[in-house]
Amino acid sequence: MNRRKFIKSGSMALFGSLAIPTFAYGHEKQSIDKSNSSVTWAMEHFGVTETDLKKVLTIALEKGGTYADLFFEHTFNNNVSLRDGAVNRSYSNIDYGVGVRVLAGDQTGYAYVENITLKEMIKAARTAARIATSNKAGKTANLVDKPITKNYYAVASPWEKVTLKDKMPYLQKLNNKIFDLDKRVQKVSASINDSTSHILFCNSKGTTYYDYRPMVSLSAVCIMEENGRIENNYAARSYRKGFEFLNDDLIDVLAHEVVNKTAILFKAIKPKGGEMPVVMGAGGSGILLHEAIGHAFEADFNRKNISIFSDQLNKKICNENISVVDDGTIPFNRGAINIDDEGVDGQKTYIVKNGILTSYLHDRISAKFYGIPSTGNGRRESFRQMPIPRMRATYMEAGNMNEDDIIASVSKGVFVDNFTNGQVQIGAGDFTFFVKSGYLIENGKLTQPIKDINIIGNGPKALADITMVANNDKIDNGTWMCGKDGQSCPVTCGMPSALVSKLTVGGES
């Protein structure tokens, strides 16, 4: 079946939430010539010409818009899962369409179509144009190919060439390894999710690019039983990689991690709650930065004076040993982006440098408002949504202390490093995190394991209360997803171990 016929049948039967079985797609080895991965190849892939793109952009500006862009997306998602000792579930999904955005002052018009024909694109452009209007219309510049100068996720083995049978043995190995590690294991569920996205972008300023975006995750849930008591835990890894991601070393690491994280819960207690020092362990504690602080640094919240940091730019907000980064340039990282969804190069942005708030996270709209270049944080879930400022990989840089010395400085508190979720109220900065496991700190030592507690606090205050930062910085490469304004985007987070002098721990009364 040729591409046009495939897309046509897909647009009638496959879009939305309806999924196709893997045998209908996953077993066909689809070849992509990487030497032709360019704007020219992408236009052919989506069945459009440069003349079509310029015409749609011109129509998008006909009601007075000052800027317009087109975001084409073709994404293949595949999942294969294991339960009860056997690989017994798989599905695939195809997403395909284009979004048209028009800006006019503070107005944003947006429309999308799932059938990419010139007629449908013009209809979407006129819809968006009627939402964003002014008395001064912009003009469409000649389109210029913007090459990917730094590819942060070059793929060795594309998922298009991988069959369902290629993936299944890895799930079986993971299942068997987990059962072999501990006799208390009762059930295992595991899954492999992979996706491939073809992105074609162009705007009225003349910027045009093509990006090939892979993603894969391997996850496992382990359920154990001991003397009638049941515990469970979860472990996962996710990267922008191809089939080379799956190997026996990864299986071994993930199996040991999920078994150890589950086994420790049989010894864990719920501690007494109250206000106390909290040592945030390296890695997953980066959720503190993401939820309690990161969202408040996104420029749309500051532009609208919603964030508590709206008037804190270039001011000292925390200890001078603290530097916080949002980074789109970590090779193969889940939050990496070669180029954002507005045509801005992926980059590394210091939000906090030596305790000073140095930058917000910008998209084109906020960057224009502040009169500065965008930081490359304009991201969207899919072609159905407009881009907004979003984090990528948010982490704290290493400090100058040893983790053992930080723990030794606490007479009574908790050590936490295994989180499952969190949420924050952007305006006030109040947050809560659910901690799956950790340890009591008594007289400077880790003692009793703890579980199922909440950490409650205020983002700016918690940041200001970080008094010690260790030299063991670590990125948590799990399956983190960030939700904002009804959109979800893949991200990562991380930090070194750090002492927050005072937080509220929700435990036993």
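Coordinates for the structure precede this section.
All of these numbers come straight from a predicted model, not from anything done at the bench.

**Some words on the overall build of the protein chain**
Then, in step 1: Across its full length, the protein chain holds twelve helices and 23 strands.
Then, in step 2: In terms of C-alpha radius of gyration, the protein chain reaches 24 Å, essentially the compact-globule figure of 23 Å for 509 residues.
Then, in step 3: Principal-axis analysis of the C-alpha atoms places the extent of the protein chain at approximately 70 × 55 × 35 Å.
Then, in step 4: Counting only residues that meet the buried cut, the protein chain has 55% of its 509 residues in that class.
Then, in step 5: Long-range pairs, those at least 24 residues apart, make up 75% of the contacts in the protein chain between residues at least 6 apart in sequence.
Then, in step 6: When the accessible surface of the protein chain is summed, it comes to about 21200 Å², and 49% of that surface belongs to carbon and sulfur atoms.
Then, in step 7: Between the averaged position of the 60 positive side-chain charges in the protein chain and that of its 55 negative side-chain charges there is a distance of 5 Å.

**Examining the layout of surface pockets**
Then, in step 1: Put simply, the largest pocket is a space of about 1100 Å³.
Then, in step 2: The wall of the largest pocket is formed by 48 residues, among which Lys 261, Asn 418, Phe 419, Asp 476 and Trp 480 lie closest to the centre.
Then, in step 3: Per-element accounting of the lining of the largest pocket gives the leading share, eight residues, to strand 15 (residues 412–424).
Then, in step 4: Classifying every residue of the lining of the largest pocket gives 20 nonpolar, 19 polar and nine charged.
Then, in step 5: Computed from the structure, the second largest pocket encloses a volume of approximately 840 Å³.
Then, in step 6: Asn 77, Ser 195, Glu 381, Met 481 and Pro 490 are the residues nearest the centre of the second largest pocket, which is lined by 32 residues in total.
Then, in step 7: For the lining of the second largest pocket, the secondary-structure elements that each account for two or more residues are strand 1 (67–83), strand 2 (86–104), strand 5 (185–203), strand 6 (207–226) and strand 21 (487–490).
Then, in step 8: By residue number, the principal contributor to the lining of the second largest pocket is strand 1, which donates six residues.

**Observations concerning the pairing of strand 21**
Then, in step 1: The sheet contact formed by strand 20 (residues 481–484) and strand 21 spans four bridges and is antiparallel. Counterpart to Gly 483 in the pairing with strand 21 is Ser 488.
Then, in step 2: Between strand 20 and strand 21, which follow one another and run antiparallel, lie two residues, and Asp 485 among them has a positive phi close to 50°.

**Some words on the nonpolar core**
Across soluble globular proteins, you tend to see nonpolar side chains buried next to one another.
Then, in step 1: In terms of nonpolar packing, the biggest core is built from 46 residues, with Leu 288, Phe 297, Ile 455 and Ile 466 touching the most fellow members.
Then, in step 2: Looking at this core, the element that brings in the most residues is helix 8 (residues 287–294), giving five residues.
Then, in step 3: Of all hydrophobic cores here, the second largest spans 35 residues; its members include Leu 53, Ala 60, Ala 125 and Ala 132.

**Describing the sheet that holds strand 19 (residues 475–476)**
By definition, the strands of a sheet pair up through backbone hydrogen bonds, in either a parallel or an antiparallel sense.
Then, in step 1: The mixed open sheet is built from six strands, whose spatial order is 11-10-9-14-22-19. Each of the sheet's edge strands pairs with one partner strand only, and the pair in question is strand 11 (356–357) and strand 19.
Then, in step 2: Of the pairings in the sheet, the one linking strand 10 (residues 348–353) to strand 11 comprises two bridges and is antiparallel in character. Paired with Val 352 across the strands is Leu 357, a residue of strand 11.
Then, in step 3: Sheet strands in contact with helix 8 are strand 9 (324–327), strand 14 (393–396) and strand 22 (492–494), and its direction is about 105° off that of strand 14.

Parameters and conventions
- Residues numbered from 1 in each chain as written.
- Predicted model: local features only at pLDDT ≥ 70, side-chain atom pairs only at ≥ 80, totals over all residues.
- Heavy atoms only, no water.
- Helix = DSSP H or I, 4+ residues; strand = E, 2+ residues; numbered from the N terminus.
- Rg over C-alpha atoms; globule rule 2.2 N^0.38 Å.
- Buried < 20%, exposed > 50% of the residue type's maximum accessible area, 1.4 Å probe, protein only.
- Contact = heavy atoms within 4.5 Å.
- Areas by Shrake-Rupley, 256 points an atom, 1.4 Å probe, with all protein chains shown as cover.
- Lys, Arg positive; Asp, Glu negative; His and termini not counted.
- Charge placed at Lys NZ, Arg CZ, Asp CG, Glu CD.
- 1 Å grid on protein atoms, 1.4 Å probe; cavity = no way out; pocket = protein on both sides within 12 Å on 5 of 7 lines; lining within 4 Å.
- Points joined across faces, edges and corners; volume = space filled by probe spheres on them.
- Nonpolar A, V, L, I, M, F, W, Y, C, P; charged D, E, K, R; others polar.
- Pairing = 2+ DSSP bridges.
- Core = buried A, V, L, I, M, F, W, Y, C linked by side-chain atoms within 4.5 Å.
- Axes fitted to C-alpha atoms, helices over the stretch in contact; angles between N-to-C directions.

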